[in-house]
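Notes for the structure review
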Amino acid sequence: MKRGRQLCSRCFFCEREIETTNHLFIHCRVTEKLWQVFFNLRGISWSMPRHTSEALTRWNREGNLSDHKERWKIVPVCIWWTIRRERNQRCFENKSIPFQSLKLNCLITFFFGVTMYSPKRWRILLSF
Ligand SMILES: [Zn+2]
């Protein structure tokens, strides 16, 4: 933290809500858009629970029903990694990127996560 800067508990994305884990990782409007990318890819409708732990439990339970369990289960990590990294850039370096770049970063993280887990099956990303 830089000297003279006020501690800020507001979300660095929406600047409206108090930054909590639940807000940052599942309820912030920016984070919700990233979740929506994967809901759309999967063709599902989803209502977010109140807490991050519930979201993860439900997500994994749904993933166990999927034909692509491995890919499904890394989605929260990809979203949270992307959000956390961008949040820290905004907080500590006073830098931000547009949402389209954030979305691209998240999808790239997902791509590398899938290919690390299953490098020979990267083409199945197309059938997510
Ligand atoms: Zn927010």
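Above: the structure in question.
Residues numbered from 1 in each chain as written. Predicted model: local features only at pLDDT ≥ 70, side-chain atom pairs only at ≥ 80, totals over all residues.

1. Here's the deal with the overall build of the protein
Put simply, the rule reads: Runs of H or I in DSSP of at least four residues are treated as helices and runs of E of at least two as strands, each being numbered from the N terminus. To sort residues by burial, count the other C-beta atoms lying within 10 Å of each one's C-beta; a count of 20 or more means buried, 12 or fewer means exposed, and anything in between means partly exposed. C-beta atoms are built from the backbone. Placing C-beta atoms from the backbone, we regard two residues as in contact once those atoms come within 7 Å.
When its secondary structure is counted, the protein shows 5 helices and 0 strands. For the protein, the sequential pattern of α-helices and β-strands runs α-α-α-α-α. Within the protein, the proportion of its 128 residues that are buried is 19%. When contacts within the protein are restricted to residue pairs at least 6 apart in sequence, long-range pairs at least 24 apart make up 51% of them.

2. Description of the environment of Cys-106
Within the fold, Cys-106 resides in helix H5 (residues 99-117). When the 25 C-beta atoms within 10 Å are taken as the criterion, Cys-106 is described as buried.

3. Section: the environment of Asn-88
For Asn-88, the location among the structural elements is in helix H4 (residues 69-92). Among the residues examined, Asn-88 registers 12 C-beta atoms within 10 Å and is labelled exposed. Once the C-alpha coordinates of Asn-88 and Phe-12 are considered, the two residues, 76 residues apart in sequence, prove to be 8.9 Å apart.

4. A look at the nonpolar core
Looking at soluble globular proteins, one finds that nonpolar side chains tend to be buried together. Which entries qualify depends on this criterion: We define a nonpolar core as a collection of buried residues of the types Ala, Val, Leu, Ile, Met, Phe, Trp, Tyr and Cys that are connected via C-beta atoms lying within 7 Å of each other.
Grouped together as the largest cluster of nonpolar side chains are 18 residues, with contacts concentrated most on Ile-79 and Cys-106. Residue assignment for this core shows that the elements contributing at least two residues are helix H1 (21-27), helix H2 (29-42), H4 and H5. Ranked by the residues each element gives to this core, the list is headed by H4, at 5 residues. For Ile-79, the contacting residues outside a window of four places in its chain are Thr-31, Leu-34, Trp-35 and Cys-106.

5. Overview of H4
Stated precisely, the cut-off is as follows: One fewer than the residue count of a helix, multiplied by 1.5 Å, yields its expected span. A residue's bend is simply the angle between two axes: one fitted to the seven residues ending at it, one to the seven starting at it.
End to end, H4 covers 35 Å across 24 residues, agreeing with the expected 34 Å (1.5 Å per residue, within 8%). Val-75 marks where H4 bends most, by close to 30°; the proline Pro-76 follows one to four residues later. Those residues of H4 that fall on the buried side of the exposure criterion are Arg-71, Val-75, Cys-78, Ile-79, Trp-80, Thr-82, Ile-83, Glu-86 and Arg-87.

6. Observations concerning the packing of H2 against H4
Where we set the bar: With axes taken as lines fitted to C-alpha atoms, and helix axes fitted only over the stretch in contact, angles between N-to-C directions fall between 0 and 180 degrees. Roughly parallel means an angle under 35 degrees; roughly antiparallel, over 145; roughly perpendicular, 65 to 115; everything else is oblique. Each crossing is labelled by how the near helix is turned from the far one, with a counterclockwise turn of less than a right angle marking it left-handed and a clockwise turn marking it right-handed. Polar here means any residue outside two lists: the nonpolar Ala, Val, Leu, Ile, Met, Phe, Trp, Tyr, Cys and Pro, and the charged Asp, Glu, Lys and Arg; Gly therefore counts as polar.
Packing of H2 against H4 brings their axes to within 10 Å, and their N-to-C directions diverge by 150°. By the angle between their axes, H2 is roughly antiparallel relative to H4. Considering only the axes of H2 and H4, their crossing is right-handed. For the pair H2 and H4, the contacting residues are Thr-31, Leu-34, Trp-35 and Phe-38 in the first and Val-75, Ile-79, Thr-82 and Ile-83 in the second. The class makeup of the residues in the contact of H2 with H4 is 6 nonpolar, 2 polar and no charged.

7. Some points on the packing of helix H3 (residues 52-64) against H4
Relative to each other, H3 and H4 sit at 165°, their axes nearing to 9 Å. Taken together, H3 and H4 sit at an angle that is classed as roughly antiparallel. Both H3 and H4 take part in a crossing whose hand is right-handed. Across the interface between the two elements, Leu-56, Trp-59, Asn-60, Gly-63 and Asn-64 from H3 touch Lys-69, Trp-72, Lys-73 and Pro-76 from H4.

The values reported here are purely geometric and, on their own, carry no functional implication.
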